[in-house]
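Fold and geometry: a report
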Amino acid sequence: MPINLPQKFPTVFIFNMQQAVKYLTAKDAIFNHIIDKYGLPIIPKRPQGFETLVLLILEQQVSIDSAKATFLKLKAKEINFQPESLVAFSDEEYRNIGVSRQKTSYIKALSSSIINNEIDIENLSTKSAMQVREELIKIKGIGNWTIDVYLMFSLQAPDVIPLGDIAVINTIKELLNIHDKQEMETYASKWSPYRSVATYLLWHYYLNKRNRKVVY
């Protein structure tokens, strides 16, 4: 089941789900266990660009549903959802729709970096995962978790595992009895070059076991 992506994506970002699953199930029995129990996951996709990065900032350390509700309030307040508009909002306006002071500063930092041509978000799809990380990490409030999810959801990068994600960490602890983050990283290296698909499977297990449905 190939993932259909725009032609501008570099070849490194294009992967075949069937091939990835075959590789992972041969490498590690936990993936057979997950698939036998819950089937295959849906690959999350989000558009590239400013809006997705704002949503990811809002999702930091809160539930996806809660962040989405706040994001929709922000979009309702400003239909012209552009960096120039969001940087002009007062802190009080952000607070009134449920955005914390810290996340307000992050959204404004992202907006300012685009306005000042410090980053070209539209061009990220032409770069390697490492180059994307190097570009985004410079922006206040955008750390490795946000970058990992953007790489996976928006750029369809095949070999990312977000070890700052609580669901991934807890599932690895549960299924593999590994509790040290460095050990997790070392162990997960054997899932390369398909660590993104491994992550989708871990999320799939975590959510289904808890009877949770998430629309990414």
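Here, every reference points to the structure presented above.
Described below are features of the structure shown in this document. (Residues numbered from 1 in each chain as written. Predicted model: local features only at pLDDT ≥ 70, side-chain atom pairs only at ≥ 80, totals over all residues. Heavy atoms only, no water.)

1. Some words on the overall build of the chain
Each helix and strand in the chain was counted, giving 12 helices and zero strands. For a compact globule of 216 residues, the expected C-alpha radius of gyration is about 17 Å, and the chain comes in at 18 Å, within 12% of that figure. Counting every position in the chain, which comprises 216 residues, the buried fraction comes to 47%. For the chain, the computed accessible surface area is about 11100 Å², with 51% contributed by carbon and sulfur atoms. Side chains of the chain carry 26 positive and 22 negative charges; the gap between the two charge centres is 5 Å. (Helix = DSSP H or I, 4+ residues; strand = E, 2+ residues; numbered from the N terminus. Rg over C-alpha atoms; globule rule 2.2 N^0.38 Å. Buried < 20%, exposed > 50% of the residue type's maximum accessible area, 1.4 Å probe, protein only. Areas by Shrake-Rupley, 256 points an atom, 1.4 Å probe, with all protein chains shown as cover. Lys, Arg positive; Asp, Glu negative; His and termini not counted. Charge placed at Lys NZ, Arg CZ, Asp CG, Glu CD.)

2. Here's the deal with unusual backbone geometry
A cis geometry characterises the amide bond from Ser192 onward to Pro193, with omega recorded as 15°. Note that Pro193 resides in the loop between helix 11 (181-188) and helix 12 (195-209).

3. Details of the environment of Pro158
With respect to the helices, strands and loops of the structure, Pro158 is situated in the loop between helix 9 (144-153) and helix 10 (166-176). Owing to a relative accessible area of 12%, Pro158 belongs among the buried residues under this scheme. For the pair Pro158 and Pro193, spaced 35 residues apart in sequence, the C-alpha to C-alpha distance is 6.7 Å.

4. A short note on the environment of Asp148
Looking at the secondary structure, you find Asp148 in helix 9. Measuring from C-alpha to C-alpha, the distance between Asp148 and His204 comes to 17 Å, with 56 residues separating the pair along the chain. Apart from residues no more than four positions distant in its own chain, Asp148 is found in contact with Arg133, Val160, Ile161, Pro162 and Leu163. (Contact = heavy atoms within 4.5 Å.)

5. Brief notes about the layout of surface pockets
As a volume, the largest pocket reaches approximately 580 Å³. What lines the largest pocket is a set of 23 residues, among which Glu59, Val62, Trp145, Asp165 and Ile166 lie closest to the centre. Going through the elements one at a time, helix 7 (101-115), helix 9, helix 10 and helix 12 are the ones with two or more residues in the lining of the largest pocket. In terms of residue class, the lining of the largest pocket is built from 13 nonpolar, five polar and five charged. When its volume is computed, the second largest pocket comes out at roughly 380 Å³. Forming the boundary of the second largest pocket are 16 residues, of which Arg133, Asp148, Val160, Ile161 and Glu185 lie nearest the centre. Elements with a contribution of two residues or more to the lining of the second largest pocket: helix 8 (129-136), helix 9 and helix 11. (1 Å grid on protein atoms, 1.4 Å probe; cavity = no way out; pocket = protein on both sides within 12 Å on 5 of 7 lines; lining within 4 Å. Points joined across faces, edges and corners; volume = space filled by probe spheres on them. Nonpolar A, V, L, I, M, F, W, Y, C, P; charged D, E, K, R; others polar.)

6. Here's the deal with the packing of helix 3 (residues 50-59) against helix 9
Relative orientation of the contacting elements helix 3 and helix 9 amounts to 135°, with a least axis distance of 10 Å. Taken together, the axes of helix 3 and helix 9 lie oblique to each other. In this structure, the crossing between helix 3 and helix 9 has a hand that is right-handed. Where helix 3 abuts helix 9, its residues Thr52, Leu53, Leu56 and Glu59 lie against Trp145, Thr146, Val149 and Tyr150. (Axes fitted to C-alpha atoms, helices over the stretch in contact; angles between N-to-C directions. Parallel < 35°, antiparallel > 145°, perpendicular 65-115°, else oblique. Left-handed = near helix turned anticlockwise from the far one by under 90°.)

7. So, the nonpolar core
Grouped together as the largest cluster of nonpolar side chains are 65 residues, with contacts concentrated most on Val54, Leu136 and Trp191. Per-element accounting of this core gives the leading share, nine residues, to helix 12. In this structure Leu136 touches Leu53, Ile119, Leu124, Ile142, Ile147 and Tyr150, once residues within four positions along its chain are discounted. (Core = buried A, V, L, I, M, F, W, Y, C linked by side-chain atoms within 4.5 Å.)

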